[in-house]
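# Breakdown of the fold
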Amino acid sequence: MPELPEMENYKKLLTNKIIGKTIIDIEVNREKSINTSSTDFIQELRGKQIVKIDRRAKHLIFRLSSGKNLLLHLMLGGWMYIGNDNDSPNRTKQVILSFQDIKLYFIGLRLGYLHMLDENDLVTKLSDLGPEPLDPSFTFENFQDIFQSRRGKLKTTLIDQKIISGIGNCYSDEICFEAKIKPTITVNSLGKDRLFSLYNSIQTVLRNAISLGGYMEEPLYLGDQLTGGYNSHLLVYDREGKECRRCGGTIVKIELSFRKCFYCPDCQKVDIGLI
DNA sequence: AGGGCAACCCGGACGC
DNA sequence: TGCGTCCGGGTTGCCC
């Protein structure tokens, strides 16, 4: 599922493709994906330009020349494609934005959405999100303060969007592996050294994933060689029964807070942290 | 505060 | 090929 690195990748690639371009046509094939009537939605978009794309947590924000914003959350299984009707994937497209020379397709929006919001509503909508883990203002001291005041399990805490935003089921496992900490540990049992290791692992894993295009394999456009490049670099996620690339042990899958959780029992032994 | 749990949603995978 | 069934999973909100 798209998490921070995937959305950051989309932001970068889409920025190169569509910034400054005018939306000339809009197709809404699923009313539930949007927050107004199709008629209003189309009217608000037609003739407007996309002047900037921002990312906040797992959301993308398309800034429109009208001053309004399109807020995208892909949720489960949502993805995008940019191209034309000849090369686009043979899938149901919930929303299509057409520019002069290219179309942006929104695919797999089930619980995902594309909402038209003014600045106030946008700020309100995003106000409960925790800090951006890659923002320079998110220091180790911030991280330490947040985690030391918590009592939940490590993985559960990492994916809680109110605590830190942007990390989901895949990268939480990869981060725990990188830090060599078992995801089931309660966070307030982690000492300063392990918290520091965790903080660094968050940075390392997310930055690396971004630079390699994230782990979702569907290309954004014809000839896109970047998107999905991190998939082959995953060390634990979806690797149940496979060999640990660090120690040769076997990756296991457990259920943790109703979620799949993958880790290496040999590398990630710490479940009563004292260090 | 944190855990449990249900609801949301439907394309696509799978079975026959 | 075709039809029916079921699953996945981030987020929200409510309860304890």
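This one's a predicted model, so the numbers in the text were calculated from it and none came from an experiment. (Residues numbered from 1 in each chain as written. Chains lettered and ligands numbered in written order. Predicted model: local features only at pLDDT ≥ 70, side-chain atom pairs only at ≥ 80, totals over all residues. Heavy atoms only, no water.)

## A short note on the domain arrangement of chain A
Once the domains are mapped, chain A shows domain 1 (4-125) and domain 2 (140-274). When each unit is reduced to the centre of its C-alpha atoms, the spacing between domain 1 and domain 2 is 29 Å. Every contact between the two is made by 20 residues of domain 1 and, on the other side, 21 residues of domain 2. For domain 1, the biggest contributors to the area lost against domain 2 are Pro5, Glu6 and Leu13; these three give 29% of the whole. Remark: the boundary between domain 1 and domain 2 carries zero salt bridges. Across the domain 1-domain 2 interface, the total number found is eight residue pairs in polar contact (both at pLDDT 80 or more). (Domains from an automatic or database assignment. Contact = heavy atoms within 4.5 Å. Buried area = accessible area lost by both parts, 1.4 Å probe. Salt bridge = Lys/Arg side-chain N within 4 Å of Asp/Glu carboxyl O. Polar contact = N/O pair within 3.5 Å; in protein donor to acceptor, adjacent residues only side chain to side chain.)

## Some remarks on the sheet that holds strand S1 (residues 25-28)
Reading across from one edge, S1-S6-S7-S5 is the order of the four strands in this open sheet, with antiparallel pairing throughout. A single partner strand is all that each edge strand has here, and the edge strands are S1 and strand S5 (79-83). Strand-to-strand twist of the sheet, defined as the mean angle between neighbouring strand axes without regard to direction, takes the value 15°. Across five bridges, the pairing between strand S6 (residues 93-98) and strand S7 (residues 103-107) is antiparallel. The residue of S7 that forms the bridge with leucine 97 is leucine 104. Running at roughly 25° to S5, helix H1 (residues 4-18) makes contact with S5 and S7 of the sheet. (Pairing = 2+ DSSP bridges. Helix = DSSP H or I, 4+ residues; strand = E, 2+ residues; numbered from the N terminus. Axes fitted to C-alpha atoms, helices over the stretch in contact; angles between N-to-C directions.)

## Comments concerning the state of the cysteines
Enumeration over the complete set of coordinates arrives at zero disulfides. No disulfide involves cysteine 247; its sulfur sits 3.5 Å from that of cysteine 267, the nearest cysteine. (Disulfide = S-S within 2.5 Å.)

## Notes on helix H4 (residues 140-148)
Turning to H4, its buried residues are Phe140, Phe143, Gln144 and Phe147. Projected down its long axis, H4 carries its buried residues within an arc of 100°, all on one side. Those residues of H4 that are buried are in contact with helix H5 (154-159) and helix H7 (192-211). (Buried < 20%, exposed > 50% of the residue type's maximum accessible area, 1.4 Å probe, protein only. Arc of directions from axis to C-beta.)

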